[in-house]
Amino acid sequence: MNIREFLEPVSYQELRKVDAVFIASVACVLVLGVVMVSSASIFLSETKYGHPFYFMVRQLIYLMIGLGFGYFMMSVPTEVLHKYGVPLMLFSLLLLILVLVPGIGKTVNGSRRWINLVVFNLQASEVAKVCMVVYVSGYLVRRADRVRQQLMGSGMPMVVSFLFLICLLLEPDFGASVVLIGTVIALLFIAGAPIYQFIGLVVAVVAALGVVAVSESYRIKRLMNFIDPWADPYNDGYQLSQALIAYGRGEWFGLGLGNSVQKLAYLPEAHTDFVFSIWVEETGMFGGMLLLGAFGFMLSRAFNIGQKAMRLGRLFQGYMCFGFSILILAQVIINVGVNTGFLPTKGLTLPLISYGGSSLIITLASLFVIARVDIENRRIEPELDKDEKRSDKERMIRETGDA
C-alpha cells in the first residue's frame, strides 16, 4: 500500500483562500497558549529542571509536530477519512485497551491514560475522541433514514460509545467520558434523531454518569469540594480555593504577564488543567474574555464551514466539522467551569492552551481537517455555479423556443 495514494496536497493558492477569520483565531489561540505555558510553568521549570523555559521549549516542539501532522492530515481527502472511519474507530479502541495493559500504559497521578512514544506520551483518549467523531459522522450518512425514523437507529453509535466509555472509566478518565458521550449525542441530534429518542439518550447517559460519579469516594469528595471549597481550603478544597484566589488577584486587568503569585507552587497543575486561572490572574477578566472570544471566533467559523458543507450536500464533512467543534467547545466549557468553580474537577486540559503533546497535536489535526473541508467546499462552489448558469441558459433557450 502506497501512502501517496491517499494524499492530495493542497496548493499554496488554495491555502491562502481558507477562511481568514478561522486561521487568524487559531493562530491567536496558539500564540496565547505558548505565552501562558511559558509564564505558568516558569517557576516549576526552574525548581524541578533548573531551566526556566523547560516546558515552553517542549510545548514549542509539540507545536511543530502538531503543525506538521496537521498539514499531513490536510493533505488527506476527507472521503478517505469517510472510507476508513470504522478502521479508525477500531484502532482508537485498541489504543484504549492497550493503555490499560501494565507495562504499556503509563500511570500519572493514579490514572493510566498514556502510552510512552519516547518523543511524547500519547493520551489514548485524545485519539479516541476524534476517531469516534469520524466514525459517527460516516454512520450518520450511511444510516441517515434509520437514525431519523427508527427507535434503534442510534443503537450502533451508542453501543460503540459505551465500549469506549468502559475503557475510559477504567483508566479512569471521567472528563473524557463526558465529552465523548456528549459529542456523540449532539451529533445524533443534529442528524435528526427523533426528539423522544434524543431525550431518552440524554436521561440514560446522565443517570449512568451520575451513578459512576458517586461510585468512588474520591469523586464524591470532588463533588463536595466543588459545592464548598472553603470548607476545607488546605486539604480537599485546596486546588479550587487557590484557583479562585487567582481570579481575585487578577481583577479586571490583571497583575501583568509573568507576575502571577499563584503559580509559585501555590496552585497545582498551573500549566495544565488550571492554566486559565493563571491567565486571568495575569491579564484580568479582560484577558479572560479576550481568550474566550478567540475561541468563539474559531468555533463559529468552524461551524460555518460545516454548515456550508451541508448546504453543498457533503453531509459527512459537515457532521465531522460539527463534531470536532463540539469536542473543543465542550472541553473549553468544562475546563473554564472547573477553573471558576462552576463544575467539579474533571482533569480536562484547555485545548491549544494547556501544556501537553497529545491534546495539542490531535486538536491541531482536527482543525486542519476542518480547513481541508473549507478548501474542498471552495473547489465545489465554482462547479455548482457553472451548473446553475448552464441550467438557466438552457431554460431561457427552451422558453424562447416555446414563444
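Note that the structure is a prediction, hence the values are computed from the model and not measured. (Residues numbered from 1 in each chain as written. Predicted model: local features only at pLDDT ≥ 70, side-chain atom pairs only at ≥ 80, totals over all residues. Heavy atoms only, no water.)

Participant: What is the right way to read the packing of helix H9 (residues 174-190) against helix H14 (residues 315-340) from this model?
Facilitator: Packed helices, taken two at a time, are described by the angle their axes make and the gap between the axes. Two numbers describe how H9 lies on H14: the axes approach to 9 Å, and their chain directions differ by 140°. With respect to each other, H9 and H14 are oriented oblique. Seen from above, H9 lies across H14 with right-handed handedness. On H14, the residues touching Val178, Val179, Thr183, Ala186, Leu187 and Ile190 of H9 are Tyr319, Phe322, Gly323, Ile326, Leu327, Ala330, Gln331 and Ile334. Grouping the constituent residues of the contact of H9 with H14 by class yields 11 nonpolar, 3 polar and no charged. (Axes fitted to C-alpha atoms, helices over the stretch in contact; angles between N-to-C directions. Helix = DSSP H or I, 4+ residues; strand = E, 2+ residues; numbered from the N terminus. Parallel < 35°, antiparallel > 145°, perpendicular 65-115°, else oblique. Left-handed = near helix turned anticlockwise from the far one by under 90°. Contact = heavy atoms within 4.5 Å. Nonpolar A, V, L, I, M, F, W, Y, C, P; charged D, E, K, R; others polar.)

Participant: Explain the layout of surface pockets here, please?
Facilitator: Rolled over the atoms, a probe as big as a water molecule pinpoints where empty space is left. Size it by volume and the second largest pocket reaches roughly 770 Å³. Forming the boundary of the second largest pocket are 29 residues, of which Phe69, Phe72, Met73, Leu81 and Leu88 lie nearest the centre. The set of elements that each furnish at least two residues to the lining of the second largest pocket consists of helix H3 (54-74), helix H4 (78-83), helix H5 (85-98), helix H6 (124-142) and helix H15 (357-402). Here the lining of the second largest pocket takes 6 residues from H15, the largest share from any one element. Here the residues of the lining of the second largest pocket are counted per class, giving 27 nonpolar, 2 polar and no charged. (1 Å grid on protein atoms, 1.4 Å probe; cavity = no way out; pocket = protein on both sides within 12 Å on 5 of 7 lines; lining within 4 Å. Points joined across faces, edges and corners; volume = space filled by probe spheres on them.)

Participant: Any chance you could explain empty space enclosed by the protein here in plain terms?
Facilitator: Summed over the entire model, instances satisfying the criterion amount to 3 cavities of 30 Å³ or more. As a volume, the largest cavity reaches approximately 80 Å³. Lining of the largest cavity is provided by Glu126, Lys129, Val130, Phe324, Leu327, Ile328, Gln331, Ile362, Thr363 and Ser366. For the lining of the largest cavity, the secondary-structure elements that each account for two or more residues are H6, H14 and H15.

Participant: Whenever I open this one, the pattern of salt bridges confuses me. Can you help?
Facilitator: Between side chains of opposite charge, a pair can form as their charged atoms come close. Taken as a whole and assessed by the stated rule, the structure comprises 10 salt bridges. As a salt-bridge pair, Arg379 and Glu8 come within 3.0 Å of each other at their nearest N and O atoms. In this pair, Arg379 is assigned in helix H15 and Glu8 in the segment before helix H1 (12-16), connecting sequence segments 371 residues apart. Judged by its relative accessible area of 28%, Arg379 falls in the partly exposed class. Note on Glu8: relative accessible area 36%, which makes it partly exposed. (Salt bridge = Lys/Arg side-chain N within 4 Å of Asp/Glu carboxyl O. Buried < 20%, exposed > 50% of the residue type's maximum accessible area, 1.4 Å probe, protein only.)

These values are about where atoms sit, not about what they do.
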